[in-house]
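For reference, the chains in residue letters:
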Amino acid sequence: MIIIMIIVILPFMFILSIIIISKIGARDTAIQLSSNYSENEMIEFFWDIILLTESKFILPFYSNSRNFKSLQKLIVKNIGNLLNSLIHERKLNSSNLNYHWRKLGTRYTLVYLPLFFKDLIWCKSDSIYFHVILPQVNEIDDSSTTQLEKKKALTQNSKEWLLALLELAESLNLTMLRLYINRTDIDNISTLLRNLNWIGGKLVPNEDRSNIQSNDNDNCNEFNEFMLGDEHFVIIEFEC
Amino acid sequence: MASVKLDHSLGSSITLVDFDNGSAKDMVVDSDSIVNNSNTKSYKLPYEPAHEFIFNSLKKRIESINEDTCAPGEENSFFVCDLGELEKLYKNWKLELPNVQPFYAVKCNPNEKILQTLDQLGINFDCASKSEIDKVLSMNVDPERIIYANPCKASSFIRYAQTKNVLKSTFDNVEELHKIKKFHPNSELFIRIATDDSTAQCRLSTKYGCELSDVENLLQAVKDLDLNLVGVAFHVGSGASDFTSLYQAVKDSRYVFDKCIEMGLPELKILDIGGGFQFESFHESSKVVRVALEEYFPGDKVKFMAEPGRYFVSTALTLASNVIAKRTISNNEAMLYINDGVYGNMNCILFDHQEPIPRILYHNNEFHYYDFESSTNMLKKNDVSKYPQKVSIWGPTCDGLDCITKEYYLKHDLEVGDWFYFPNLGAYTSTAATPFNGFQQHSDTLYINSLKDAL
């Protein structure tokens, strides 16, 4: 089983690595970034990873290119705040951080499990949580055969990909794994959900939107935190 | 110690022989009734719950709530837990499967009082996570009494078991054996085999357990890695309706025991017959187990263990929940919102195929506990006048998943402030506090003991 993983670690340490889950567990092999790309291009690439990961939490209603641009501004600003707080050892001033997915990651990871998921898996982590946003299976633009294969992989091989993710989280020294599964895929993951207690997982409630506050005090950004949400995901948590 | 004598057919009676006092004491156990012996009272399965005690407890709590002055949280849903029920069920276990040591599946209900009661009864524990192991060890339970049967163990889980000296664990693939060799080589291992679970409500073998055709390779790996294989485990899934799968699984286990000897591995000592036992069908399923064990594992060389969960707790808990909102659709149809749901104590709906039965507990200033026909999910033609109210029942969140039942029929037109109760809701229900959409779904548990309180 091969996991190809790209990791972005803040503040701006970039690692491209390939994890090989072999018979004896996980082996992490760092490889050099391609010399075909300039440093600037690579930085832009890593910014894209951060942005695309965070954009998974845009509520479907607000998901358009204009808002995407606004989200970009918000992320850049928030990353600046995060870096400042890290460098100056100051506490971040935000009331919405009780919901762990709202925190910016200190590490962004792009995982590719080609045996199980055709698409990339977007992940971010802090010092405790490994947030894994599983690719959506019910996409419209696929042929029915591919759909069927994808559904099969998601349900029948859940032990394999779940174990791979647990091993990965553990190798990153994280203690909890949170899977974000699109609600449109809920039927496809029923087997996983029905065995959840059995394999030590639990359902995590979505956030309480009535308690969200906008932290954008200067109102310079059209995009605000109300436009982000986790309600289109079913969230399940595992110990690593 | 007791052993079982029975003929090899699925006959209607068995003879239990109790060797505890050095002399054999025969008790004839008929298939249709469990008889009392001189020391303990037993209960025919399935039997009625201790209604009087449960009702009194529900009534007392609800009457203590003053709607006008109650503090936040007082109207929360709550459980009534009958600890005496655990004892009754254990007595029945000992009657039906006297030579099978139960390891209670903690995941089924990790309530501390329940765990303590089971511990005092001498029941061991099956843990699926680090936190479950911690919880059980914090009760000063010897790690020897724990099996770590999570079928999806990452390396860190195995290392953790090693640090806590939990030796017993299961495996079903070569990769896991390599991890065990590296992190916990002294493990007492059970090879988990797949079973036919096609009739089970919660199928496990489709994902967990190795096929018999793979057993030889796995045993060879055990031999090559010099690991300590002590037994075979299987799990026919929860809610199985066809118990021949149990019989077949015992037969398959015999094959693995014999294969070990053939391959020069040390003789296996333990057979773990898993879980999936249910209150309603325990008598039948245990009969099949007894027959199979007698046929394939005669004598007393092999020890037997099991991982029951819902058998012990399902009937021990009753949940009461308050109607907090109502949306009238027509004169006879409404959506009722109660203060508990899948994100609270009823996640069993989503994850365990359970269909909780809502019964009317309190309506129009009267208690209706004893009206066991206050609701139905199947409306017959003649029942329309009996059950005039059609309802769907929802949890307190705005989440479409938080549905308790899409269609039920009630005798009464419930209003906000009325109460439902859900009997037999002890298995795979969560007692964790989970704030969601402003609702703090913390629940109290009121404990009764129908055995002691009856004295």
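Residues numbered from 1 in each chain as written. Chains lettered and ligands numbered in written order. Predicted model: local features only at pLDDT ≥ 70, side-chain atom pairs only at ≥ 80, totals over all residues. Heavy atoms only, no water.

Here is the rule we go by: UniProt positions are given in the numbering used here, feature names are shortened, and annotations may be inferred rather than shown by experiment.
As recorded in an unreviewed UniProt entry, chain B goes by Ornithine decarboxylase and comes from Vanderwaltozyma polyspora. Its UniProt record gives chain B a comment under Subcellular location (unreviewed entry), which states: "Cytoplasm". Per UniProt, chain B has the following entry under Cofactor (unreviewed entry): "pyridoxal 5'-phosphate".

Quoted straight from UniProt, the Subunit (unreviewed entry) entry for chain A says "Interacts with ODC and thereby sterically blocks ODC homodimerization." We quote the UniProt Sequence similarities (unreviewed entry) comment for chain A here in full: "Belongs to the ODC antizyme family."

A few points about the environment of B:Lys269
As a reminder of what qualifies: Working definition: helices are DSSP H or I runs of at least four residues, strands are E runs of at least two. Numbering for both runs from the N terminus. Contact definition: two residues touch when any of their heavy atoms are within 4.5 Å.
Inspection of the secondary structure assignment puts B:Lys269 in the loop between helix H8 (244-262) and strand S11 (270-272). Those residues within four positions of B:Lys269 in sequence are excluded, and the remaining contacts are B:Val230, B:Phe257, B:Lys301, B:Val302 and B:Lys303.

Observations concerning the UniProt feature "modified residue: N6-(pyridoxal phosphate)lysine" (unreviewed entry) in chain B
Feature annotation in UniProt assigns "modified residue: N6-(pyridoxal phosphate)lysine" (unreviewed entry) to the following positions: B:Lys107. If we skip the residues at most four places from it in the chain, B:Lys107 touches A:Asn197, A:Trp198, B:Asp126, B:Ala128, B:Glu132 and B:Tyr428.

A look at the interface of chain B and chain A
Selection criterion: We define buried area as the total accessible area lost by two parts upon association, computed with a 1.4 Å probe and summed across both. By convention in these notes, a salt bridge is any Lys or Arg side-chain nitrogen within 4 Å of a carboxyl oxygen on Asp or Glu. A 3.5 Å cut-off defines polar contacts: any pair of N or O atoms within that distance qualifies, except that in protein one atom must be a possible hydrogen donor and the other a possible acceptor, and neighbouring residues in sequence count only when both atoms are side-chain atoms.
Across the boundary between the two partners, chain B contributes 41 residues, which contact 30 residues of chain A. Between chain B and chain A lies a buried interface of about 3300 Å² when both sides are counted; carbon and sulfur atoms form 58% of it. Counting every contact that joins chain B to chain A gives three salt bridges. One salt bridge in this structure joins A:Lys159 and B:Asp172, with 2.8 Å as the shortest N-O distance. For the interface between chain B and chain A, the tally reads nine residue pairs in polar contact (both at pLDDT 80 or more).

As for the nonpolar core
Quick note on the threshold: What makes a nonpolar core is a set of buried Ala, Val, Leu, Ile, Met, Phe, Trp, Tyr and Cys residues whose side-chain atoms join them at distances within 4.5 Å. Burial status follows relative accessibility: with a 1.4 Å probe on protein chains alone, a residue under 20% of its type maximum counts as buried, one over 50% as exposed, and anything between as partly exposed. Domain limits in this description derive from either an automatic procedure or a database domain assignment.
Membership of the largest hydrophobic core comes to 139 residues, with the highest contact counts inside it found for A:Leu179, B:Tyr104 and B:Leu271. In terms of residue count, the dominant contributor to this core is helix H4 (residues 158-171) of chain A (eight residues). Taken together, domain 1 (51-80 + 317-448) and domain 2 (82-313) of chain B each give at least three residues to this core, which thus spans both. Excluding residues that lie within four positions of it along the chain, B:Tyr104 makes contacts with B:Asn109, B:Ile114, B:Leu115, B:Leu118, B:Ile123, B:Asn124, B:Phe125, B:Asp126, B:Pro308, B:Gly309, B:Phe312 and B:Val313.

Overview of the domain arrangement of chain B
Residue and element names in this part refer to chain B. In plain terms, the rule: Any residue outside Ala, Val, Leu, Ile, Met, Phe, Trp, Tyr, Cys, Pro, Asp, Glu, Lys and Arg is labelled polar, Gly included; the first ten of those are nonpolar and the last four are charged.
By the assigned domains, chain B splits into domain 1 (51-80 + 317-448) and domain 2 (82-313). Counting the surface lost from both domain 1 and domain 2, the interface buries some 1200 Å², and carbon and sulfur atoms represent 49% of this. Where domain 1 packs against domain 2, one counts zero salt bridges. Where domain 1 meets domain 2, there are four residue pairs in polar contact (both at pLDDT 80 or more). It is strand S23 (residues 444-448) that contributes the most residues to the side of domain 1 that touches domain 2, three residues altogether. A class-by-class count of the residues in the side of domain 1 that touches domain 2 yields seven nonpolar, five polar and one charged.

Digging into the sheet that holds strand S9 (residues 188-192) of chain B
Residues and elements named next belong to chain B. Condition: By the convention used here, strands pair only if DSSP detects at least 2 bridges between them. Axes here refer to lines fitted to C-alpha atoms; in helices the fit is confined to the stretch in contact. Angles between the N-to-C directions go from 0 to 180 degrees.
Taken in spatial order, the eight strands close into a barrel running S5-S6-S7-S8-S9-S10-S11-S12, and their pairing is parallel. Averaged over all adjacent pairs, the angle separating strand axes in this sheet is 30°, with direction ignored. When strand S5 (residues 100-105) meets strand S12 (residues 303-306), the two strands line up parallel, connected through three bridges. Among the inter-strand pairings, Val-100 is bridged to a residue of S12, identified as Phe-304. Strand contacts of helix H6 (residues 174-183): strand S8 (168-171) and S9, with the helix running at about 150° to S8, the strand carrying the most contacts.

Some thoughts on the confidence of the model for chain B
All names here are of chain B. Counted only if it meets this: Values of pLDDT, which run from 0 to 100, indicate the predictor's confidence residue by residue.
When pLDDT is averaged along chain B, the result is 85; 82% of the residues meet or exceed 70. Across residues 1-40, confidence stays below pLDDT 50; counting only partners more than four residues off in sequence or on other chains, it has 82 contacts. Note on residues 431-441: pLDDT is under 50 here. Beyond four places in sequence and across chains, it has 34 contacts. Both scores are available for the predicted complex, with the pTM at 0.83 and the ipTM at 0.74.

Things to note about unusual backbone geometry
Residue and element names in this part refer to chain B. In this model, Asn-140 sits at a positive phi of 60°, which is unusual for a non-glycine residue. Tracing the backbone shows Asn-140 in the loop between helix H4 (130-137) and strand S7 (146-148). Among the residues examined, Asn-140 registers a relative accessible area of 72% and is labelled exposed. One non-glycine residue, Asn-165, adopts positive backbone phi at about 60°. With respect to the helices, strands and loops of the structure, Asn-165 is situated in the loop between helix H5 (155-163) and S8.

Observations regarding the confidence of the model for chain A
Residue and element names in this part refer to chain A. Model confidence for chain A is summarised by a mean pLDDT of 76, while 68% of its residues fall at 70 or above. Averaged over each element, pLDDT in chain A is lowest for strand S2 (residues 13-22) (40) and highest for strand S6 (residues 129-133) (96). Segment residues 11-31: pLDDT under 50, and 48 contacts once partners within four positions in sequence are set aside and those in other chains are kept.

So, helix H2 (residues 65-87) of chain A
All names here are of chain A. To keep it simple, the criterion reads: Multiply 1.5 Å by the residue count of a helix minus one, and that product is the helix's expected span.
The first and last C-alpha atoms of H2 sit 33 Å apart over 23 residues, in line with the 33 Å expected at 1.5 Å per residue. Regarding H2, its N-cap is Asn-64, as a side-chain oxygen of that residue lies 2.8 Å from the backbone nitrogen of Asn-67 further along. Glu-89, located one to two residues past H2, shows a positive phi value of around 50°.

Considering the pattern of salt bridges
Applying the stated rule across the entire model yields 26 salt bridges over all chains. Residue B:Arg61 is joined to B:Asp444 by a salt bridge in which the shortest nitrogen-to-oxygen separation is 3.0 Å. Highlighted residues: B:Arg61 in helix H1 (residues 51-63) and B:Asp444 in strand S23, separated in sequence by 383 residues. Under the relative-accessibility criterion, B:Asp444 is labelled partly exposed at 34%. With a shortest N-O distance of 3.1 Å, B:Glu262 and B:Lys259 are connected by a salt bridge. One end of the pair, B:Glu262, and the other, B:Lys259, are both in helix H8, three residues apart, so they sit about a helical turn from each other. Note on B:Glu262: relative accessible area 59%, which makes it exposed. A relative accessible area of 9% places B:Lys259 in the buried class. Each of the salt bridges in this network shares a partner with another, and the network as a whole consists of A:Arg178, A:Lys202 and A:Glu237.

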